[in-house]
Amino acid sequence: MINKHIFYYCVITCLTLFLSSCESSGNEDKKSALKKIAVQVIEYNPAPGQFVNVYPECKSGDSYATVLSRANYALNNDKLVTLGSFGGYVTVKTEKPVTGKFQVAGNAIASSAEPGIVQISSDGKTWYTICGEHFKETKNITVTYTRPGENYDDDTYIPYKTSDGVTGYVTRITEYHTQPYFPLWDTENPQTVTFTGHRLPNNSTYDSDKEMYILKSYYGYADSYPNASSMSYLDPANIVDENMNPASIQSFTYIKVYTGVLQSSGILGECSTEVTGFYEVVE
């Protein structure tokens, strides 16, 4: 008999990828109210994760410049770019300044959200954060991920430790993901990698009746509501500065997205924000 957890994982993964690669009538309705933002990827630094080296593809010997080019193609053509576990990020520069509401498209579906925190900037130096649901409850933390050893590709767990003393693991789902969870283009292969950001509350709960994980949506983030929902729109009027004080900005040309949740959900693996593109909301 097929393990129900594995069956659910297969179903949710296939459905997620299917919905992110095609347009239903709902998506068509939404796309009529959205205008694609052309972007240039200027930084791509994912934390360890089950889709790293897959979205976008990276093979041994590929350079960082090659991966940046593939990420750039993906985000301008509605393809997946994974950010890995907590803190992993992508930074883009928009072709033209953005002045109003926008969307960072992802592959979230009902009951499966992987919230990514979104920051904007007019100069690429001073950053403001979209203050979404629960954001003011967060604090800035640093997370250090450690390669398990010389043969880490075969290990089941990638340990991490946070700046506030919490330890845990990114679980390797070796039944489905055999590639390295650390970027292959990082030829120096550092023993540890570190990321800093605001950690959102865990959004995953296990429904014992349905025997499945439910990943709750949080408003005001990337990859948290389906693209066809107006709940996925982000409002630059809701930004705060580094001290959590309300701020304002006339327009912005830089957008940074990083995974905001640090958790694993059984067979589903780690929470990893995925991004598929950027849109202006035309009202």
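Scope of this entry: the structure provided in the associated data block. Remember, it's a predicted structure, so these values are computed and weren't measured experimentally.

Regarding the overall build of the protein chain
Across its full length, the protein chain holds three helices and 18 strands. Burial analysis of the protein chain (283 residues in total) assigns 49% to the buried set. Sequence separation of at least 24 residues holds for 78% of the intrachain contacts in the protein chain that already meet a minimum separation of 6. For the protein chain, the accessible area works out to roughly 13,100 Å², and carbon and sulfur atoms hold 48% of it.

Considering the pairing of strand 8 (residues 140–146)
Burial along strand 8 is one-sided: I141, V143 and Y145 are buried, while N140, T142, T144 and T146, pointing the other way, are not. Inspection of the sheet shows strand 8 paired to strand 11 (residues 192–198) by seven bridges, in the antiparallel sense. Looking across to strand 11, one finds that V143 is bridged to F195.

Here we look at the pairing of strand 9 (residues 157–162)
Along strand 9, the buried face is formed by I158, Y160 and T162; none of Y157, P159 and K161, which line the opposite face, is buried. As judged from the three bridges shared by strand 8 and strand 9, these two strands associate in the antiparallel manner. Pairing of T144 across the sheet is with K161, part of strand 9. Across five bridges, the pairing between strand 9 and strand 10 (residues 167–171) is antiparallel. Within the sheet, the bridge partner assigned to I158 lies in strand 10 and is V170. Two successive antiparallel strands, strand 9 and strand 10, enclose a turn made up of four residues, where G165 displays a positive phi of approximately 90 degrees.

Let's talk about the side chain of T259
Structurally, the position occupied by T259 is in strand 16 (residues 252–259). Among the polar contacts listed, one links the side chain of T259 to the backbone nitrogen of T273, at a separation of 3.2 Å. In contact with T259, other than residues within four places in its own chain, are L83, G84, S85, F86, G87, G88, P115, G116, C271, S272 and T273.

Overview of helix 3 (residues 64–75)
The end-to-end C-alpha distance of helix 3 is 16 Å, a good match for the 16 Å that twelve residues give at a rise of 1.5 Å each. V67, L68, A71, A74 and L75 are the residues of helix 3 that are buried. For helix 3, the angular spread of the buried residues around the axis is 120 degrees, confining them to a single face. Along helix 3, the residues that are exposed and aim more than 90 degrees away from the buried face are A65 and Y73. Among the structural elements, strand 1 (34–36), strand 2 (39–45), strand 3 (81–82), strand 4 (89–98), strand 17 (274–275) and strand 18 (277–281) are those in contact with the buried residues of helix 3.

What counts and how
Residues numbered from 1 in each chain as written. Predicted model: local features only at pLDDT ≥ 70, side-chain atom pairs only at ≥ 80, totals over all residues. Heavy atoms only, no water. Helix = DSSP H or I, 4+ residues; strand = E, 2+ residues; numbered from the N terminus. Buried < 20%, exposed > 50% of the residue type's maximum accessible area, 1.4 Å probe, protein only. Contact = heavy atoms within 4.5 Å. Areas by Shrake-Rupley, 256 points an atom, 1.4 Å probe, with all protein chains shown as cover. Pairing = 2+ DSSP bridges. Polar contact = N/O pair within 3.5 Å; in protein donor to acceptor, adjacent residues only side chain to side chain. Expected span 1.5 Å × (residues − 1). Arc of directions from axis to C-beta.

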